[in-house]
Amino acid sequence: MADRPKPPNARLRAVRVDELQRSRQEFAKLIVETGEEMGETVACTARLVAAWEDGDVQLPRAVYRRILTRLTGRTMQELGFRLSTPARPGVPAATANPEEEQVNRRGFMADSAGAALALIPVLSPRDGAPPGRIGAVNVRALDTAVAKIYAHDHDHGSAAMRRDASNALHTAYSWLQEGTYTAKTGKRLRSATGHLSIAAGWLSYDSGRPADARSLYNEALAAARIAEDPGLEAHAFGCLSLLAKASGRPREAISAAQGAQSVANSYGSPRMLSLFAMREAGGWALLGDASATDRAIIRAHKLYAKGPREADPDWLEFYHPGELAGLEALARADLAQHERAAAGAEQAVLLHGDQFTRNRALYTADVAMQHAVRERPEPEAAAEAAGRVLAYLPEVRSDRLLQQLHNVSSALQRHASVPAVADWLEEYRTIAGVS
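Quick caveat: nothing in here was measured; it's all calculated off a predicted structure.

Draft legend 1. Region of interest: the overall build of the protein chain. Looking only at helices and strands, the protein chain has 19 helices and 0 strands in total. Considering the protein chain as a whole, with its 435 residues, one finds that 52% of them fall into the buried category. Expressed as a percentage of contacts within the protein chain between residues at least 6 apart in sequence, the contacts between residues at least 24 apart total 68%. Of the roughly 20,500 Å² of accessible surface on the protein chain, 51% is carried by carbon and sulfur atoms.

Draft legend 2. Helix α1 (residues 10-19), seen in detail. Buried residues of α1: Leu 12, Val 15 and Arg 16, and no others. Mapping the buried residues of α1 onto a view down its axis gives an arc of 90°, with all of them on the same face. What points out from α1, more than 90 degrees from its buried face, is the exposed set Ala 10, Arg 11 and Asp 18. Tucked into the core, α1 has its buried residues touching α2 (24-37), α3 (46-53) and α4 (62-72).

Draft legend 3. Broad picture of the side chain of Asp 423. Checked against the element boundaries, Asp 423 lands in helix α19 (residues 419-432). Side-chain polar atoms of Asp 423 contact the side chain of Arg 61, separated by 2.8 Å. Ignoring sequence-local partners within four residues, the contact set of Asp 423 consists of Val 42, Ala 43, Cys 44, Leu 48, Arg 61 and Tyr 64.

Draft legend 4. Examining the side chain of Glu 426 more closely. Note on placement: Glu 426 falls in helix α19. Classification of Glu 426 by relative accessible area gives buried; the value is 9%. Side chain to side chain, Glu 426 and Arg 61 meet in a polar contact 3.4 Å long. Not counting residues up to four positions away in its chain, the partners in contact with Glu 426 are Leu 48, Trp 52, Val 57, Pro 60 and Arg 61.

Draft legend 5. Up close: the packing of helix α9 (residues 210-227) against helix α10 (residues 230-246). Closest axis-to-axis distance for the α9/α10 pair is 8 Å, and the angle between their directions is 160°. It follows that α9 is roughly antiparallel to α10 by the angle criterion. In terms of crossing hand, the pair formed by α9 and α10 is left-handed. Contacts between α9 and α10 pair Pro 210, Ala 213, Arg 214, Tyr 217, Asn 218, Ala 220, Leu 221, Ala 223, Ala 224 and Arg 225 from the former with Leu 232, Glu 233, Ala 236, Phe 237, Cys 239, Leu 240 and Leu 243 from the latter. Here the contact of α9 with α10 is built from residues that sort into 13 nonpolar, 1 polar and 3 charged.

Draft legend 6. A look at the packing of aromatic side chains. All chains considered together, the criterion is met by 6 aromatic pairs. Measuring from centroid to centroid gives 5.3 Å for Trp 52 and Tyr 64, while their planes differ by 70°, and the two rings are edge-to-face. Placement of Trp 52 in helix α3 and of Tyr 64 in helix α4 is noted, with a sequence separation of 12 residues between them. Both residues of the pair, Trp 52 and Tyr 64, belong to the buried class. Following the ring pairs from residue to residue traces out a cluster consisting of Trp 52, Tyr 64 and Phe 81. The lysine or arginine in question, Arg 271, covers the ring of Tyr 304, its NZ or CZ lying 3.8 Å from the ring centre.

Draft legend 7. Representation of unusual backbone geometry in the model. Although it is not a glycine, Glu 228 adopts a positive phi angle of roughly 55°. Examined against the element boundaries, Glu 228 turns out to sit in the loop between α9 and α10. You can call Glu 228 exposed: its relative accessible area is 61%. With a phi close to 50°, Phe 356 is a non-glycine residue in the positive phi region. By secondary structure assignment, the location of Phe 356 is in the loop between α15 (338-352) and α16 (357-373).

Draft legend 8. Spatial organisation of the environment of Arg 47. Mapped onto the elements, Arg 47 comes out in helix α3. Considering only alpha carbons, one finds Arg 47 and Gln 25, 22 residues apart in sequence, at a separation of 8.5 Å. Apart from the residues within four sequence positions on either side, Arg 47 is in contact with Gly 387, Arg 388 and Glu 427.

Draft legend 9. Examining the nonpolar core more closely. Leu 196, Tyr 217 and Tyr 319 are the most contacted members of the largest nonpolar core, which has 71 residues in total. Excluding residues within four positions of it along the chain, Tyr 319 makes contact with Arg 271, Ser 274, Leu 275, Met 278, Tyr 304, Leu 324 and Leu 327. Counting 30 residues, the second largest nonpolar core, distinct from the first, contains Val 389, Ala 411, Val 421 and Leu 425.

Draft legend 10. Quick look at helix α13 (residues 290-304). Look at α13: 21 Å from first C-alpha to last across 15 residues, which is about the 21 Å you get at 1.5 Å a residue. Among all positions in α13, only Ala 292, Thr 293, Ala 296, Ile 297, Ala 300, Leu 303 and Tyr 304 are buried. End-on view of α13: buried residues confined to an arc of 135°, all on one side of the axis. Summarising the geometry of α13, the exposed residues directed more than 90 degrees from the buried face are Arg 295 and Lys 302. Here the buried face of α13 lies against α12 (270-287) and α14 (321-334).

The rules behind the values
- Residues numbered from 1 in each chain as written.
- Predicted model: local features only at pLDDT ≥ 70, side-chain atom pairs only at ≥ 80, totals over all residues.
- Heavy atoms only, no water.
- Helix = DSSP H or I, 4+ residues; strand = E, 2+ residues; numbered from the N terminus.
- Buried < 20%, exposed > 50% of the residue type's maximum accessible area, 1.4 Å probe, protein only.
- Contact = heavy atoms within 4.5 Å.
- Areas by Shrake-Rupley, 256 points an atom, 1.4 Å probe, with all protein chains shown as cover.
- Arc of directions from axis to C-beta.
- Polar contact = N/O pair within 3.5 Å; in protein donor to acceptor, adjacent residues only side chain to side chain.
- Axes fitted to C-alpha atoms, helices over the stretch in contact; angles between N-to-C directions.
- Parallel < 35°, antiparallel > 145°, perpendicular 65-115°, else oblique.
- Left-handed = near helix turned anticlockwise from the far one by under 90°.
- Nonpolar A, V, L, I, M, F, W, Y, C, P; charged D, E, K, R; others polar.
- Phe/Tyr/Trp six-rings, centres within 6.5 Å; stacked < 30°, edge-to-face > 60°.
- Lys NZ or Arg CZ within 6 Å of the ring centre and 35° of its normal.
- Core = buried A, V, L, I, M, F, W, Y, C linked by side-chain atoms within 4.5 Å.
- Expected span 1.5 Å × (residues − 1).

Quick look at the structure:
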């Protein structure tokens with residue numbers, strides 16, 4: 001059964017609009033000014049006012065209760081707030097734990113995905129009939145599916161498409177196993193299926209399912225070798241490197257990245273080699289070897305500077321200057337070079353411009369994290385960056401992003417006495433539904 005929608009706070013809105021005649025931004029500024037008069041320092045924002053009025057926050061923190069009473073001359077009940085918020089059935093707040101928070105994050109991601117997005121072409125044969133003759137039109141259908149996956153994933157994350165990608169991949173394998181085709185078409189079909197497997201693996205990785213991703217990447221690697229497709233083989237090795245680093249296996253990440261470079265060395269795409277050099281740098285950084293990290297980063301920049309080539313595959317579209325800066329920032333973070341990491345992640349966000357929304361959100365979260373954990377923490381800067389991340393929800397549905405927000409929240413807990421941090425923590429808990 002779906003939860004009942006929270007009733008909006010019409011009383012507070014009426015006070016703001018009818019009596020004070022202020023916009024949410026102006027009302028937030030008035031709250032800050034009133035707090036200063038009272039000797040209370042707060043960092044109220046229009047988003048926080050919206051959360052109160054929309055019923056997402058049913059009772060403000062104590063400092064805001066004092067300020068609102070002073071500002072309006074009304075009690076909390078008279079302003080439409082509830083003095084007690086019922087606990088979720090069967091989940092007392094005192095028993096919250098990381099496992100429950102993971103369930104909450106998954107639930108938030110599923111809720112925000114809404115109806116199925118049917119962005120992947122329907123690939124199944126009609127009326128359960130066997131696949132029959134397979135030709136170029138089938139291979140193009142797989143290529144189109146891969147393109148649609150990446151286009152949607154760059155802006156919205158993986159949550160809404162993972163199941164559709166799995167169904168498409170199942171159909172592709174049925175074509176391989178049961179269809180009739182020429183040797184030339186068979187190689188193209190095998191390669192296309194491998195690329196679809198990588199795309200599906202990426203969705204699994206972004207959805208927090210590394211075991212599924214690893215299996216799919218290994219399937220792509222096998223397909224590449226059967227089809228004698230070095231571009232696909234290099235791509236699969238690169239993805240396995242990324243997955244190994246994310247799973248805390250730096251030596252495996254380094255080996256896979258070096259394997260990708262070895263395969264791609266004669267492919268004719270310096271930028272593909274640059275990406276794999278940066279993957280290698282990430283492995284060295286996780287291992288704590290700063291010298292090897294720097295050498296790999298320098299090699300990655302030199303290769304990238306050679307410019308684009310005709311051989312550059314379509315999937316490499318995401319690897320532009322913003323991503324280059326962002327991957328270096330992640331390596332700097334693993335080396336505990338937090339100031340350089342924060343600056344690099346901020347540069348990555350700026351260089352991404354209006355493209356690749358999910359990656360912009362992730363790098364903005366990295367900015368927040370680095371400000372929170374640097375040797376001399378800057379909690380207000382961290383809260384500002386973290387506030388920008390919340391604006392991406394729920395449009396971006398990525399378990400990695402939600403996990404990163406959880407990490408930022410944990411890092412900022414010790415700075416909860418800073419008003420800007422306290423406000424962000426309240427907003428984050430409200431939006432993400434965590435306790």
